[in-house]
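Listed here are the chains, written in short residue letters.
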Amino acid sequence: MYLALTDEQEFLIEAAAGALDRRPTVEAARAVLDGESAESLWPVAVEAGWSGLLTGEDADGAGLAPYDAMLVLEECGRRLADARLLGHLPACALLEAAGADAELRGARARGERRAALVDARLGERSTTLSVAVTEVRGTVRGVLDADGADVLVVVGQDTGGPVALVVEADAEGVKIALRAAYDGTRSLADVTFDGARGTRLELAAARVRDGADLQLVLLAAESVGAADGALAMTRDYAVDRIAFGRAIGSYQAIKHKLVEMLRRIENARSLVVAAGRAWDEDRDRFGLLANAARVQSISALDYTAPETIFVHGGVGATWEHDAMLFYRRGEASRRLCGGADTAADAVADALLATL
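Bear in mind that the values here come from a model prediction, so they are computed numbers and not experimental data. (Residues numbered from 1 in each chain as written. Predicted model: local features only at pLDDT ≥ 70, side-chain atom pairs only at ≥ 80, totals over all residues. Heavy atoms only, no water.)

Engineer: Now, about a negative patch on the surface: what can you tell me, with residues and values included?
Structural biologist: Taken together, the side chains of Asp 7, Glu 8, Glu 10 and Glu 14 define an acidic patch exposed on the protein surface. When you line up the elements, Glu 10 lands in helix 1 (residues 7–21). (Patch = residues over 30% accessible without salt bridge, like charges linked within 9 Å, V, L, I, M, F, W, Y side chains within 5 Å. Areas by Shrake-Rupley, 256 points an atom, 1.4 Å probe, with all protein chains shown as cover. Salt bridge = Lys/Arg side-chain N within 4 Å of Asp/Glu carboxyl O. Lys, Arg positive; Asp, Glu negative; His and termini not counted. Charge placed at Lys NZ, Arg CZ, Asp CG, Glu CD. Helix = DSSP H or I, 4+ residues; strand = E, 2+ residues; numbered from the N terminus.)

Engineer: Outline the environment of Ala 275, listing residues and values.
Structural biologist: Structurally, Ala 275 can be placed in helix 9 (residues 252–281). Classification of Ala 275 as buried rests on a relative accessible area of 0%. Distance from Ala 275 to Ser 223, taken between C-alpha atoms, is 15 Å for residues 52 residues apart in sequence. Setting aside its immediate chain neighbours within four residues, Ala 275 contacts Val 217, Phe 286, Leu 289 and Ala 290. (Buried < 20%, exposed > 50% of the residue type's maximum accessible area, 1.4 Å probe, protein only. Contact = heavy atoms within 4.5 Å.)

Engineer: Go over the nonpolar core with me, naming the residues and quoting the values.
Structural biologist: Of all hydrophobic cores here, the largest spans 85 residues; its most connected members are Trp 50, Leu 85, Leu 89, Leu 201, Leu 214, Val 217 and Leu 218. With 14 residues, the top contributor of residues to this core is helix 8 (residues 210–240). Contact partners of Leu 218, with chain neighbours within four places excluded, come to Pro 66, Ala 69, Met 70, Leu 73, Leu 86, Leu 89 and Pro 90. Ranked by size, the runner-up nonpolar core spans 22 residues in total, among them Ala 120, Val 140, Leu 165 and Ala 169. (Core = buried A, V, L, I, M, F, W, Y, C linked by side-chain atoms within 4.5 Å.)

Engineer: Outline the pattern of salt bridges, supporting the account with residue identities and numerical values.
Structural biologist: Two side chains bearing opposite charge may form a pair once their charged atoms approach each other closely. One pass over the structure, following the stated rule, counts 38 salt bridges. With a closest N to O distance of 3.1 Å, Asp 236 and Arg 235 form a salt bridge. Among the salt bridges present, the one from Arg 264 reaches Glu 260, with a minimum N-O distance of 2.8 Å. Linking Arg 264 with Glu 260, this pair stays in helix 9, spanning four residues, or about one helical turn. A single network of salt bridges, built from pairs that share partners, joins Asp 21, Glu 74, Glu 75, Arg 78, Arg 79, Asp 228, Glu 266 and Arg 269.

Keep in mind these numbers describe shape, not what the thing actually does.
If you want it as structure tokens, here you go:
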């Protein structure tokens, strides 16, 4: 039970914070909006060993659990950093679960090559990737981190249900179209398959969907981190800003806003922890908890980001202030991976099915 972090997890968080603090991630997010090219944080992820977090030690990975990856993603979110892990780690988890070739897994664990998950459930609009033997057809819009990946782990439907295939990104019949994002730190693309061929992974139908659910909870952990980062910035301002001879944080209206931010963040974090436990202890409930964490984390970020602007007053609404970067992250994150409403519907369906 994750009632407390282990020493190893504490060290992982400390190491992640140290690696990210050496990069001006928030400044980089602003620079992209000002027209500069985004600096890739993938080399940072590789150097820190995050590319192999979920890959076994037999393939040069760390052999850690998804909850450990969630801790890293929370630190990334706190600093508005995107190290291209949201696409890579779920794809690696499916390769690991399928017992894929050690060379295939090892190249990605070492960061020599990068993978991305392409699942129709995570697209912007309802769509289906049809699979006939090892041939894929269909389009998924708004895929995280597909641009620059060399291998796509594709989840689609054949006549027997969901299946997963490994498709080379440069294979014939594959088109990856990069698109602009409201949050400039994101890498989003539309991926089209027109008879592209791949290698099927040996996975049970129930486990094929684990990749999409894992991406949801990793995004939830990142959103919790972003909300926590916005709260820290708001709290510090409320302590330092003096109005009518008092720190504005001493006024009840501001106190209530800060407490509500904290309440929503902690509620979301508890569901992230629960999902991490379910992966190890009750995999059949992992999807439900991943979607629940997704819904609550977006609730936290949706509330915290605009209230950060409000507490900062007029300066918070200016282009020059960092508050708008957290707002952009929240607005974009709500729409990723099928959208928060889709996750809420999945939670409702799962709960109704138990009645």
